Amino acid sequence: MMHRKIYVLALLPFFLFSCKNKSEEAASVNSKDSSAVIVGDPLPSWNNGPLKEDIISYVEKVTKKGSPDFIPIEDRIATFDNDGTLWAEKPYVQELFAFYQVKKMVEANPALAQKQPFKAVIEKDKTYFEKGGDKALIELVGATHTGTTEDEFETSVNAFFKDAKYPGKNTPVRQIRYQPQLELLNYLRSNGFKTFIVTGGTIEVVRAISQDFYGIPKDQVVGTSFKYKYDDAKNAIQRESALDHFNDKEGKPAGIQLHIGQRPVFACGNEGGAGDIAMLKYSQGNKYPSFQLLVNHNDSIREYSYQEKDNLSLSTAAKNKWHVVSIKDDWKKVFSDK
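Residues numbered from 1 in each chain as written. Predicted model: local features only at pLDDT ≥ 70, side-chain atom pairs only at ≥ 80, totals over all residues. Heavy atoms only, no water.

**Regarding the pairing of strand 4 (residues 194-202)**
As a reminder of what qualifies: Buried residues are those whose accessible area, probed at 1.4 Å on protein chains only, stays under 20% of the maximum for their type, while exposed residues exceed 50% and partly exposed ones sit between those limits. Secondary structure elements follow DSSP: runs of H or I of four or more residues count as helices, runs of E of two or more count as strands, with numbering from the N terminus. Pairing between strands is defined by DSSP: at least two bridges between them are needed.
With 8 of its 9 residues buried, strand 4 lies for the most part within the structure. Relative to strand 4, strand 1 (residues 77-80) is paired through 4 bridges, and the arrangement is parallel. Pairing of isoleucine 77 across the sheet is with lysine 194, part of strand 4.

**Looking at the pattern of salt bridges**
Basically, it comes down to this: Any carboxyl oxygen of Asp or Glu that lies within 4 Å of a side-chain nitrogen of Lys or Arg is treated as forming a salt bridge with it.
Using the criterion set out here, one finds 11 salt bridges in the structure. With a closest N to O distance of 2.9 Å, lysine 218 and glutamate 154 form a salt bridge. Taken as a pair, lysine 218 in the loop between helix 9 (203-214) and strand 5 (221-231) and glutamate 154 in helix 7 (residues 150-163) lie far apart in primary sequence, 64 residues in all. For lysine 218, a relative accessible area of 40% translates into the label partly exposed. In this structure glutamate 154 comes out as partly exposed when scored by relative accessible area, which is 26%. Three or more residues are tied together by salt bridges with common partners; here these are Asp81, Lys252 and Asp276.

**Observations concerning the sheet that holds strand 7 (residues 266-270)**
To keep things clear, this is the line we draw: Lines fitted to C-alpha atoms define the axes here, with helix axes fitted over just the stretch in contact, and angles between the N-to-C directions of these axes take values from 0 to 180 degrees. Every residue pair with non-hydrogen atoms within 4.5 Å of one another is taken to be in contact.
Across the sheet, 7 strands lie side by side as 6-5-4-1-7-8-9; this open sheet has mixed pairing. Of all the strands in the sheet, the pair left with one neighbour each is strand 6 (236-245) and strand 9 (323-326). Across the sheet, the mean angle separating the axes of adjacent strands is 35° when strand polarity is ignored. With 5 bridges joining them, strand 7 and strand 8 (residues 291-296) adopt parallel strand pairing. Bridging from a neighbouring strand, phenylalanine 266 pairs with phenylalanine 291 of strand 8. Where helix 12 (residues 312-320) meets the sheet, its contacts fall on strand 7, strand 8 and strand 9, and the angle it forms with strand 8 comes to roughly 150°.

**With respect to the side chain of aspartate 276**
As a reminder of what qualifies: Each polar contact in these results corresponds to two N or O atoms within 3.5 Å; when the atoms are within protein, one needs to be able to donate a hydrogen and the other to accept it, and residues that are neighboring in sequence are counted only if both atoms are side-chain atoms.
Along the polypeptide, aspartate 276 turns up in the loop between strand 7 and helix 11 (277-284). Taking the relative accessible area as the measure of exposure, aspartate 276 reaches 0% and is therefore buried. Side-chain polar atoms of aspartate 276 contact the backbone nitrogen of asparagine 270, separated by 2.9 Å.

This is how it looks when you write it as structure tokens:
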């Protein structure tokens, strides 16, 4: 989600930046093949218990022809937040990429080192971002994500993800994906669900890796976007610095309507910034049986432990009877091995 505290101090040092059996092998996610057939346990990295049972029971009842809860395949829409839901968000990958872009842009044009927000990044001026909050983050993203054609930008994103390491764990960014969620995406798709990413991150960054990382094609990504213009001379689309849509909180249902055109029947987000509440509420208003899932970051050993000061997401989940994932208790394994 974009609505996150900016972990500048944590990011700046990095600025320069077998399976046990055949059934588990068949259930594992092949991100390049979203139609893989699942044999045996569809969610091997989920601990057996009520939550896993509820997920499987829901999928079975809404996909069984003749069931009173049957959902036509064209209405099986599933939406997932990305940061903190499909991969770790401490620190925020979008910020890592923005810092990577600052380095590249300053190398190409040293004069930028004296301009904000570049100056603040280079001088490790945390107060600039602390005082600026979300506005400062958007300013940084706008300065580092615009002014190029879409092809040029995607090349830069791909170069970043090729070598980027995740701070603290010193592993490729690819390995901060949540293995249980990769299995859930695959399980839903194998049962006729169309899976979408609905993220507060910028749409172009996520589109660049969505197929490879999650088996989700570019046209099934909804995210924060900047305004575009067509450059006739170059016959290319140019991204401008003006923000077009901020896809967080109440912006998520609006983004879903704009890009998808219908309510999801399955929606998954996470607690930590209250950015997914509106999306889960929107899903619950579906005319078909729906399923809401909220990831609770409560595992300080294998992942991170944090929560909202007002506990809004978890209290809203309890009030609306949403399902809550306890990373500590519900996930047998947290991160992907590759």
